[in-house]
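Examining the three-dimensional arrangement
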Amino acid sequence: MSGGRILTASNQPSPEDGSDALLRQTLLEYQAILDNASVGITFTRKRRFLHCNQRFSEMFGWSSDELRELPTEILYPSQEAYEALTRTARPVLGSGERLDLEIEMKKRDGGTFWCRMLAKTIDPHDYSKGTIYITEDITERRNAQEALLRARDELELRVQERTAALEMANARLHAEIQERKMAEQQIRYLANHDALTGLPNRRLLEDRLEQAIEMARRNVHQVAVLFIDLDRFKPVNDLFGHRVGDLLLKAVAVRLRSLLRAVDTVSRVGGDEFVVVLPEMQSAVAACETAQRILLALARPYSVDGHELRVTPSIGISLFPANGIDADSLLTAADTAMYRSKHTVRGNFQLYQPDMRATGVEA
Ligand SMILES: Nc1nc2c(ncn2[C@@H]2O[C@H](COP(=O)(O)OP(=O)(O)OP(=O)(O)O)[C@@H](O)[C@H]2O)c(=O)[nH]1
């Protein structure tokens, strides 16, 4: 670059005091430029220093005179670092391109720091003419970059930790909600079912019966209610104990449930009392046929805890709408018919008749 200016200067018509003075003047100007540059500048030839500018001396601790003829290798923290740079730089500089890289360099006192290095051969066709290196201390920029990266990593870590904590809290909350839902389900189940047999209790029975009545009203159907009371159940408890009595009640419940359709409700409403609701009944005859089936099935022997037990039921039947138009009156009518049955012939069924109340058979 300086060559161009010098040639231009030398082509000017020479003043009286000759071109030497002009050349000296130009060299002084270039020296001033080099010494006032804010980047370090060195000239090297055959891997040895020729000279450097003021800023370079400040950066590395070598004066231009001290540096002269020293091998360029002294500016690198290790032999390996120097060789790596040489491998990178040679093809770039050899092709006349500008080398531009960031590299760790070594000061005279052995301390290292990061530099941006720009280098170009003065004549790519003649390597021996030397190379110019421009070096800029980028320690502050790199420190700032590293601090920024560290801050970003820390932030990312904190975000990850916070996310993980939130996920855990979320999972805990989810588990608690599930637990609560299950507890609520359990409470609802217990409120509506008999603990011994698992059948619907009176409360759920009444709901289901109301629903069946509502449906039957709309579809002009009948609903049958069968009140079932086991005969002479007390002696089972007395003879075999309460535990065996419980097992027998459970066996009755299972048998009853297996006899009926899914739409039918089988409930336990008292000690040895069960109520069956048969929605969509076609006739009283159909209800009586179901009662008969129940009688036969429940009367078959039970094998309970090594004992063969027998128990018969007495059944009372009421029908919607003939014997009542709400759950309460239908249950009362079926109960009344059951008592009539029990006090007539045990192990039988009775269809409710209005005169049963008048004759005062209910308990
Ligand atoms: N094992 C057991 N027994 C119960 C339970 N609940 C009530 N009982 C008993 O069941 C019996 C029911 O009474 P009743 O229906 O009057 O007795 P019963 O011998 O069947 O008399 P009838 O119905 O007139 O034939 C009582 O002895 C109660 O103690 C229960 O959960 N488990």
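These figures come from a predicted structure and were not determined experimentally.

What counts, and where the lines are drawn
Residues numbered from 1 in each chain as written. Predicted model: local features only at pLDDT ≥ 70, side-chain atom pairs only at ≥ 80, totals over all residues. Heavy atoms only, no water. Buried < 20%, exposed > 50% of the residue type's maximum accessible area, 1.4 Å probe, protein only. Helix = DSSP H or I, 4+ residues; strand = E, 2+ residues; numbered from the N terminus. Pairing = 2+ DSSP bridges. Axes fitted to C-alpha atoms, helices over the stretch in contact; angles between N-to-C directions. Contact = heavy atoms within 4.5 Å. Salt bridge = Lys/Arg side-chain N within 4 Å of Asp/Glu carboxyl O. UniProt positions renumbered as here; feature names shortened; annotations may be inferred. Near = heavy atom within 4 Å. Polar contact = N/O pair within 3.5 Å; in protein donor to acceptor, adjacent residues only side chain to side chain. Areas by Shrake-Rupley, 256 points an atom, 1.4 Å probe, with all protein chains shown as cover. 1 Å grid on protein atoms, 1.4 Å probe; cavity = no way out; pocket = protein on both sides within 12 Å on 5 of 7 lines; lining within 4 Å. Points joined across faces, edges and corners; volume = space filled by probe spheres on them. Nonpolar A, V, L, I, M, F, W, Y, C, P; charged D, E, K, R; others polar. Core = buried A, V, L, I, M, F, W, Y, C linked by side-chain atoms within 4.5 Å.

Description of the pairing of strand E3 (residues 99-106)
Covered by surrounding structure in E3 are Leu99, Leu101, Ile103 and Met105 only, the residues Asp100, Glu102, Glu104 and Lys106 on the alternate face being uncovered. Looking at chain direction, E3 and strand E4 (residues 112-121) are connected through 8 bridges and run antiparallel. By the bridge assignment for E4, Glu102 is matched with Arg116.

Brief notes about the sheet that holds strand E6 (residues 222-230)
Read from one edge to the other, the open sheet built from 5 strands follows the order E7-E8-E6-E11-E12, with strand pairing classed as mixed. Both edges of this open sheet fall to strand E7 (265-270) and strand E12 (349-351), since each of them pairs with a single strand only. Ignoring which end each strand starts from, the neighbouring axes of this sheet average 20° apart. Pairing between E6 and strand E11 (residues 313-320): 8 bridges, direction antiparallel. Bridge pairing in E11 links Val225 to Ser318. Against the sheet, helix H7 (residues 202-219) makes contact with E6, E7, strand E8 (273-281) and E11, and its axis sits at roughly 140° relative to E7, the strand it touches most. In this fold helix H9 (residues 242-259) packs onto E6, E7 and E8, with an angle of close to 5° to the strand it touches most, E8.

Thoughts on the sheet that holds strand E1 (residues 40-45)
Spatial ordering of the open sheet is given by E2-E1-E5-E4-E3, a layout of 5 strands whose pairing is antiparallel. Whereas interior strands pair on both sides, the edge strands pair on one side only; in this sheet they are strand E2 (48-52) and E3. Each adjacent strand pair in this sheet contributes to an overall mean axis angle of 35°, direction not counted. As paired strands, E1 and E2 are joined by 4 bridges and run antiparallel to one another. Note on E2: the bridge partner recorded for Arg45 is Arg48. Along the sheet, helix H5 (residues 79-94) contacts E3, E4 and strand E5 (131-137); its crossing angle with E3, the most-contacted strand, is approximately 155°.

Remarks on the pattern of salt bridges
Taken as a whole, this structure holds 19 salt bridges when the rule is applied. We note a salt bridge from Arg116 to Asp100, for which the minimum N-O separation is 2.6 Å. Pair noted here: Arg116 is in strand E4 and Asp100 is in strand E3, with a separation of 16 residues, a long-range link. For Arg116, a relative accessible area of 29% puts it in the partly exposed group. A relative accessible area of 37% means that Asp100 is categorised as partly exposed.

Notes on the UniProt feature "coiled-coil region" (unreviewed entry) in the protein
Taking the numbering used here, the UniProt-annotated feature "coiled-coil region" (unreviewed entry) corresponds to residues 152-186. Taken end to end, residues 152-186 is 100% helix and 0% strand, and its first and last C-alpha atoms sit 50 Å apart.

Considerations on the site of the ligand
Around the ligand, the surrounding shell holds 17 residues, and the nearest of these are Arg232, Phe233, Lys234, Asn237 and Asp246. Between the ligand and Asp229, the relevant distance is 3.1 Å, taken from an oxygen atom to a side-chain nitrogen or oxygen of the residue. Arg268 places a polar side-chain atom, nitrogen or oxygen, 2.9 Å from an oxygen atom of the ligand. Contact with the protein chains hides 66% of the accessible area of the ligand, taken as 650 Å² for the molecule alone. When residues of the shell around the ligand are traced back to their parent elements, those giving at least two are E6, helix H8 (234-240) and H9.

Some remarks on the layout of surface pockets
Estimated volume of the second largest pocket: approximately 310 Å³. The wall of the second largest pocket is formed by 16 residues, among which Arg47, Tyr82, Thr86, Tyr127 and Tyr133 lie closest to the centre. It is H5 that provides the largest number of residues to the lining of the second largest pocket, a total of 6 residues. Each residue belonging to the lining of the second largest pocket can be placed in one class, and the counts come to 7 nonpolar, 5 polar and 4 charged.

Considering the nonpolar core
Counting 33 residues, the largest nonpolar core has Leu226, Leu248, Phe274 and Ile315 as its most contacted members. For this core, the elements supplying multiple residues, two or more each, are E6, H9, E8, helix H10 (284-299), strand E9 (302-304) and E11. Apart from the residues within four sequence positions on either side, Ile315 is in contact with Leu226, Phe227, Ile228, Ala291, Ile294, Leu295, Ala337, Met338, Ser341, Asn348, Phe349 and Gln350. Phe60, Leu93, Phe113 and Cys115 belong to the second-largest nonpolar core, a separate cluster that totals 22 residues.

A word on unusual backbone geometry
Residue Pro321 is reached from Phe320 by a cis peptide bond, and omega for that bond is 5°. Locating Pro321 in the fold gives a position in the loop between E11 and helix H11 (327-344). The backbone of Lys46 sits at a positive phi, close to 45°, despite the residue not being glycine. Relative to the assigned elements, Lys46 resides in the loop between E1 and E2. Looking at Lys46, the relative accessible area reads 67%, which means it is exposed. Positive phi, close to 55°, is recorded for Glu280, a residue that is not glycine. One can find Glu280 in strand E8.

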